[in-house]
Amino acid sequence: MKVLVSGATGFIGKQVVQFLQGLGQIRVLTSARNEAKLKQLGADYIVYDLDQEPENCYERLGRPEVLIHLAWEGLPNYQESFHLDRNLVNHYRFLTSMIAQGLPSLTVTGTCYEYGLQNGCVQEEMPADPTTCYGLAKDVLRRRLEALQQEHPFRLRWLRLFFLHGPGQPDRTLMAQVNQALAAGREAFDMSGGEQLRDYLPVAEVAALIAKVALQPRHDGIFNICSGQPISVRRLVEEHIAARGGRLRLNLGVFPYPAHEPLAFWGDPSRLRLAVAAFEEEQNHAANP
Ligand SMILES: NC(=O)c1ccc[n+]([C@@H]2O[C@H](COP(=O)([O-])OP(=O)(O)OC[C@H]3O[C@@H](n4cnc5c(N)ncnc54)[C@H](OP(=O)(O)O)[C@@H]3O)[C@@H](O)[C@H]2O)c1
């Protein structure tokens, strides 16, 4: 099977490629704009800017059977209008062209910000209610792709990712900043109150889940990519520091809680578990036909 990963050089993309390479029996194709970064992945690659005219894009990108579409530009800047004005427009144009030209199965990464300010355990069937341009762009992209299914039959898996940490995390992220403070031998670390409940997973685990949902044969639709286990940000940071044998005093309450996030929310992983079980079943069947 040929699987194309767009945005393969990103924080998550690198790990998705690594997971797919470990599966065997899959030809992994990768794409992004920066050739030097693509080369480092050790997979077949096509330099491709999805803002360009998508003429013959399916052919040029190697006619994959599955596209795992991770590319997205300009993160985080959640309230900037380019998510709607540029990304939504260009990504829809690219994905529509891929499908019209023959792509049979599409997996796209959305975000937990599609749920907006809803507190508690969020489930896929709850109405989306985004409050950021980023969340809105992703939600509209999903709806437009669902509408496209009336015209072209294709499989669509829409993955709402929650919070991630791990190797390669951008410097701006909380855990990267904690690591920097530890490495610099600082005594104290300024943060928010830390009482907010979040759903965090290591990036390698998220990457494996993305690939499993994309490759399983049975379930379509929306999936939360989450642990289902809320943890306070304060505890997450304290555990992270303790696991590294470090010492860092937390200056809690220095920064306000982000206005675009509810105080306590986490994902329901029930649909995700069904998809992962379908993947494992398929793998077992392939190993013991
Ligand atoms: N990281 C998170 O915590 C998180 C949480 C929820 C959802 N997500 C979603 O997960 C996906 C991956 O996130 P990430 O953190 O891995 O992002 P990232 O590190 O910023 O990587 C973005 C990738 O997209 C490529 N890209 C950007 N613009 C492009 C263009 N015009 N044409 C072709 N490729 C382009 C980049 O490569 P080049 O610049 O070389 O082209 C890079 O490979 C995104 O869709 C994001 O919305 C991420």
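Residues numbered from 1 in each chain as written. Predicted model: local features only at pLDDT ≥ 70, side-chain atom pairs only at ≥ 80, totals over all residues. Heavy atoms only, no water.

1. Some remarks on the pattern of salt bridges
Phase 1: Going through the model one piece at a time under the given rule, you end up with 17 salt bridges.
Phase 2: The closest approach of N and O atoms between arginine 93 and glutamate 53, which form a salt bridge, is 3.1 Å. Separated by 40 residues along the polypeptide, arginine 93 in helix α4 (residues 82-100) and glutamate 53 in the loop between β3 (44-47) and α3 (57-60) bring together distant segments of the chain.
Phase 3: Residue arginine 93 is classed as partly exposed on the basis of its relative accessible area, which comes to 26%.
Phase 4: Judged by its relative accessible area of 56%, glutamate 53 falls in the exposed class.
Phase 5: With a closest N to O distance of 2.8 Å, arginine 235 and glutamate 239 form a salt bridge. Here arginine 235 and its partner glutamate 239 are both found in helix α8 (residues 233-243), 4 residues apart, which amounts to about one turn of the helix.
Phase 6: With relative accessibility at 45%, the residue arginine 235 sits in the partly exposed group.
Phase 7: A single network of salt bridges, built from pairs that share partners, joins Asp139, Arg142, Arg143 and Glu146. (Salt bridge = Lys/Arg side-chain N within 4 Å of Asp/Glu carboxyl O. Helix = DSSP H or I, 4+ residues; strand = E, 2+ residues; numbered from the N terminus. Buried < 20%, exposed > 50% of the residue type's maximum accessible area, 1.4 Å probe, protein only.)

2. Focus: the site of the ligand
Phase 1: Surveying the vicinity of the ligand reveals 25 residues, the closest of which are Thr9, Ile12, Arg33, Tyr134 and Lys138.
Phase 2: In this structure, an oxygen atom belonging to the ligand sits 3.0 Å away from a side-chain N or O atom of threonine 109.
Phase 3: Contact with the protein chains covers 85% of the free accessible surface of the ligand, which is 900 Å².
Phase 4: For the shell around the ligand, the elements supplying multiple residues, two or more each, are β5 (105-111) and α5 (133-148).
Phase 5: Looking at the shell around the ligand residue by residue, the classes come out as 14 nonpolar, 6 polar and 5 charged. (Near = heavy atom within 4 Å. Polar contact = N/O pair within 3.5 Å; in protein donor to acceptor, adjacent residues only side chain to side chain. Areas by Shrake-Rupley, 256 points an atom, 1.4 Å probe, with all protein chains shown as cover. Nonpolar A, V, L, I, M, F, W, Y, C, P; charged D, E, K, R; others polar.)

3. Let's talk about the packing of aromatic side chains
Here the distance between the centres and the angle between the planes together describe a pair of aromatic rings.
Phase 1: Taken as a whole, this structure holds 10 aromatic pairs when the rule is applied.
Phase 2: Here the aromatic rings of phenylalanine 163 and tyrosine 200 are separated by 5.5 Å at their centres, their planes lie at 40°, and the arrangement is tilted. Of the two residues, phenylalanine 163 is situated in strand β8 (residues 163-165) and tyrosine 200 in strand β11 (residues 200-202); the sequence distance between them amounts to 37 residues. For the pair shown, phenylalanine 163 and tyrosine 200 are each scored as buried.
Phase 3: The structure contains a cluster of three or more aromatic residues connected by ring pairs, namely Trp72, Tyr78, Tyr113, Tyr115, Tyr134, Phe162, Phe163, Tyr200 and Phe265. (Phe/Tyr/Trp six-rings, centres within 6.5 Å; stacked < 30°, edge-to-face > 60°.)

4. Overview of the sheet that holds strand β12 (residues 221-225)
Phase 1: Pairing in this open sheet of 7 strands is parallel, and the strands run β3-β2-β1-β4-β5-β7-β12 from one edge to the other. Of all strands in the sheet, those bounded by a partner on one side alone are β3 and β12. If you compare each strand with its neighbour and ignore which way they point, the axes differ by 20° on average.
Phase 2: The sheet contact formed by β5 and strand β7 (residues 155-161) spans 7 bridges and is parallel. Within the sheet, the bridge partner assigned to glycine 110 lies in β7 and is arginine 160. (Pairing = 2+ DSSP bridges. Axes fitted to C-alpha atoms, helices over the stretch in contact; angles between N-to-C directions.)

5. Focus: the layout of surface pockets
Phase 1: Taken as a whole, the second largest pocket spans an internal volume of roughly 280 Å³.
Phase 2: In terms of lining residues, the second largest pocket is bounded by Met1, Leu23, Gly24, Gln25, Ile26, Leu215, Gln216, Phe279, Glu282, Gln283, Ala286 and Ala287.
Phase 3: The leading source of residues in the lining of the second largest pocket is helix α9 (residues 270-287), at 5 residues.
Phase 4: Taken together, the residues of the lining of the second largest pocket break down into 7 nonpolar, 4 polar and 1 charged. (1 Å grid on protein atoms, 1.4 Å probe; cavity = no way out; pocket = protein on both sides within 12 Å on 5 of 7 lines; lining within 4 Å. Points joined across faces, edges and corners; volume = space filled by probe spheres on them.)

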